[in-house]
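# What the coordinates show
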Amino acid sequence: MSEIFELTAAELSEKLEAKELSAVEVTKAHLERIANVDQQVHAFLTLNEEALATAEAIDKARAEGSHAGVLAGVPIAVKDVLVTQGMPTTAGSKILEGYMSPFDATVVEKIKKANLVQLGKTNMDEFAMGATTETSAFGNTYNPWNLKTVPGGSGGGSAAALAAFETPLALGSDTGGSIRQPAALTGTVGMKPTYGGVSRYGSIALASSLDQIGPAARTVLDTALLHDLIAGYDPRDGVSINTQWPSMADAARAGSTGASLDGLRVGVIKQLDSNEIQNGVKSRFEETVAWLTKNGAEVIEVEMPSIELAVQAYYVILAAEASSNLSKFDSVRFGLRVTPENTTSFEDVMSATRGAGFGAEVKRRILLGIHVLSKGQYDTIFTGAQKVRTLVINEFQKAFEEVDIIASLTGPETAWNIEQSSDNPMRNYLKDGATIPANLAGLPALSLPIGLADEDQMPVGLQLLGAAKNDDLLYKTGAALEQMVIDRDGSAVWRRVPTTLEETR
Amino acid sequence: MSGNSAPYSGAETAKLTTDDVRRIAHTAQIEITDEEASSLQRDLSAILVGVESLTEFAQLDVEASVRPFALTNVTRADKPMDVLTRAEALQNAPEVEDGMFKVSSILGGEH
């Protein structure tokens, strides 16, 4: 029998429903696991002191016969970009240290209503700007597969917590890959829903035309179960889609129980193939594509010439929107205030506060944003970026006339060593070439592990991209591929994480 | 940070001077040190060289997208909903006086 903390959310749900386990037992097991391993992993910034009390209340309600909900009593970790009552929210920044939100984000409200147990808040790159969690003002998070490597970012805390069995479920935000890329680097699953599919109310905004809240877990089904719970219309998010979503969990179950892939048209983007891809990563991808063909799918090469410019367009658009969104940190309503000596001017206080409170990457992107929106630059760089965005959107539209789904690698390499990112920021940004296009076009995209790279035995992530609102097809296909990996390797990728965490304690 | 790739000493063409960077930082209301001004000058120049090809698309005859796809604005009836109380709105403020946010003088001069 597995340890409690090794069980999936779906398994925990069954055992809780059958009263084989109590919410208190499940919560304790995860809190103990956190106590044992989080000194090494540093996935959490804050733990929820109310976790056990919440679990007790859920057990009591269940004993009294009230219907508690499918995931009632199942623990969850929340990325620190989402505001929570009762726990501080920092978004990984010194400027928000100690901030206590007077309200809950909509997705947090939903998980509370559904009786999930919040374990705590997870580490992230400052204001979600980064791909390694190294820009967090509160220290690095370490990849449980190899503590010398990064867990990806910006949601490295949530992904590492999943991989280290500190939680079975996590919430993240994805502006250019911040849910999917950490999932890929840690052998876990992460989903960026269709833009507007899950409410962003109460998420500290980075770039509003790109940001999307989404679920993460170790399995495709668990990710789908959480997706079902958080999806839906929210009048408090100005871009929320008012539609009836199909059950993602049903789609995942259909995929894992042998739903046919016959006739599924899978696109492979020609322009994403490159010599820069790590050998072992490329081999896993080629095997996966071969397996799809063998199992009845039709693999079609699609041309997306503008995708090579997507990274450039993305960083310009993101910086512009971030420079506006982050102007709210002005030393007045919340957060840090630094008052320089001998000053009486409000502007000096604001500048000193923002100078002391923001880290290097945040300053870099705010300044870039201000610059590209300035006279002379707006009509050239910024407008150019917006038009490239249109080209990317149009190319996806055309591609989805020919294919049902697009498969790519989530990233070109496995997790790299901490402090080994390039000194040239543009070179680092280029690694996000496969994840960024989905945000520009608002498309759903799922990352799931497809094995380990031969040369370093580190996890490799596959990305499945769908047309807008086709989130369920990604879960169905993803679950089929997950089952393929289990059949091929004898176990799921996440079960093969080295068990050295306690030993190094 | 030590890079694992070729040594990097800034873009070949400096797109911005350190004075440009100081001016932009002033607009952004972010105080920067001299050291930061020079590293930002290097980094922003590299990024601007990296995104230079976008300018070729500025004149292209397509719409400039401000969002991923057409969306209908979410609206609601114009009636009061649950809002923050004054205490909640002020609970995170660095300085409060008489139930209001307190700031230094906006126009300079006396506090």
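Residues numbered from 1 in each chain as written. Chains lettered and ligands numbered in written order. Predicted model: local features only at pLDDT ≥ 70, side-chain atom pairs only at ≥ 80, totals over all residues.

The subject of this paragraph is the overall build of chain A. Broken down by element type, chain A carries 16 helices and 11 strands. In terms of overall dimensions, chain A is globule-like: its C-alpha atoms have a radius of gyration of 22 Å, near the 23 Å expected for 505 residues. Counting only C-alpha atoms and orienting by the principal axes, one finds that chain A spans roughly 65 × 55 × 45 Å. Counting the 505 residues in chain A, one finds 64% classified as buried. Of the contacts made within chain A by residues no fewer than 6 positions apart, 77% connect residues no fewer than 24 positions apart. (Helix = DSSP H or I, 4+ residues; strand = E, 2+ residues; numbered from the N terminus. Rg over C-alpha atoms; globule rule 2.2 N^0.38 Å. Buried ≥ 20, exposed ≤ 12 C-beta atoms within 10 Å, placed from the backbone. Contact = placed C-beta atoms within 7 Å.)

A few words now on the overall build of chain B. For chain B, the count of helices and strands is 3 helices and 2 strands. Along its sequence from the N terminus, chain B presents helices and strands in the succession α-α-α-β-β. Per-residue burial for chain B yields a buried fraction of 23% across its 111 residues. Sequence-distant contacts in chain B: of pairs separated by 6 or more residues, those separated by 24 or more amount to 46%.

A few words on the interface of chain B and chain A. How big an interface is tends to be stated in terms of the accessible area lost upon association of its parts. Counting from both sides, the interface comprises 56 residues of chain B and, opposite them, 66 residues of chain A. Breaking the side of chain B that touches chain A down by element, the ones donating at least two residues are α1 (18-27) and α2 (34-50) of chain B.

Moving on, we come to the pairing of strand β2 (residues 75-79) of chain A. Residue and element names in this part refer to chain A. Of all 5 residues making up β2, 5 are buried, and the element is well covered by its neighbours. Of the two faces of β2, the one holding P75, A77 and K79 and the one holding I76 and V78 are both buried throughout. The pairing of β2 with strand β3 (residues 117-122) spans 5 bridges and is parallel. If you follow I76 over to β3, its bridge partner there is Q118. In this fold, β2 hands off to helix α4 (residues 106-113), which returns the chain to β3; that crossover is right-handed. Where β2 and strand β4 (residues 169-174) come together, 2 bridges link them in parallel fashion. Bridge assignment links A77 to a residue of β4, and that residue is A170. (Pairing = 2+ DSSP bridges. Right-handed = clockwise from strand over helix to strand, strands pointing away.)

Strand-to-strand pairing in sheets goes through backbone hydrogen bonds, with the strands running parallel or antiparallel. Residue and element names in this part refer to chain A. A sheet is described by the order of its strands in space; here 11 strands give the open sequence β1-β3-β2-β4-β6-β5-β10-β11-β9-β7-β8, paired in mixed fashion. What marks the edges here is a single partner per strand, and that holds for β1 (44-47) and β8 (298-302). Each adjacent strand pair in this sheet contributes to an overall mean axis angle of 30°, direction not counted. Strands in contact with helix α2 (residues 23-41) are β1, β2 and β3; relative to β3, the strand with the most contacts, it is inclined by about 20°. (Axes fitted to C-alpha atoms, helices over the stretch in contact; angles between N-to-C directions.)

Looking now at helix α8 (residues 248-256) of chain A. Since the α-helix turns once every 3.6 residues, residues separated by three or four places project in the same direction. All names here are of chain A. All of the buried residues along α8 are M248, A249, A251, A252, G255 and S256. Taken down its axis, α8 places every buried residue within 160° of arc, on the same side. Of the surrounding secondary structure, the elements contacted by the buried residues of α8 are α7 (220-230) and α16 (471-489). Immediately beyond the C-terminal end of α8, within one or two residues, lies G258, with a positive phi of roughly 85°. (Arc of directions from axis to C-beta.)

This part takes up the packing of α7(A) against α16(A). Residues and elements named next belong to chain A. With their axes 9 Å apart at the nearest point, α7 and α16 run at an angle of 155° to one another. Relative to α16, the element α7 is oriented roughly antiparallel. Mapping the contact onto sequence places V220, L221 and A224 in α7 and Y475, G478, A479 and E482 in α16. Of the residues that constitute the contact of α7 with α16, the class distribution is 5 nonpolar, 1 polar and 1 charged. (Parallel < 35°, antiparallel > 145°, perpendicular 65-115°, else oblique. Nonpolar A, V, L, I, M, F, W, Y, C, P; charged D, E, K, R; others polar.)

So, about the environment of P215(A). Residue and element names in this part refer to chain A. Residue placement: P215 occurs in strand β6 (residues 212-217). Along the sequence, P215 and T133 sit 82 residues apart, while their C-alpha atoms lie 18 Å from each other. Apart from residues no more than four positions distant in its own chain, P215 is found in contact with L171, M191, T223, L226, H227 and I230.

I76(A), A313(A), V316(A), L367(A) and I405(A) are the most contacted members of the largest nonpolar core, which totals 179 residues. The leading source of residues in this core is helix α10 (residues 307-325) of chain A, at 13 residues. Discounting chain neighbours no more than four positions away, the residues touching A313(A) are A385(A), V388(A), R389(A), L440(A) and L54(B). (Core = buried A, V, L, I, M, F, W, Y, C linked by C-beta atoms within 7 Å.)

Once that is clear, we can look at the packing of α7(A) against α8(A). Residue and element names in this part refer to chain A. Their axes nearest at 7 Å, the elements α7 and α8 cross at an angle of 160°. When the axes of α7 and α8 are compared, the pair comes out roughly antiparallel. The two elements α7 and α8 cross, and the hand of that crossing is right-handed. Here V220, L221, A224, L225, H227 and D228 of α7 come into contact with α8, specifically with M248, A249, A251, A252, R253 and S256. In the contact of α7 with α8, the residues fall into 8 nonpolar, 2 polar and 2 charged. (Left-handed = near helix turned anticlockwise from the far one by under 90°.)

On to the pairing of strand β7 (residues 265-269) of chain A. Both faces of the sheet carry side chains from a regular strand, because those side chains alternate between them. All names here are of chain A. Here β7 pairs with β8 via 5 bridges, running parallel. Each residue of the ladder has a partner; that of R265, found in β8, is E298. At this point the chain moves from β7, through helix α9 (residues 279-294), to the parallel β8, and the crossover so formed is right-handed. As judged from the 2 bridges shared by β7 and strand β9 (residues 405-409), these two strands associate in the parallel manner. By the bridge assignment for β9, G267 is matched with I406.

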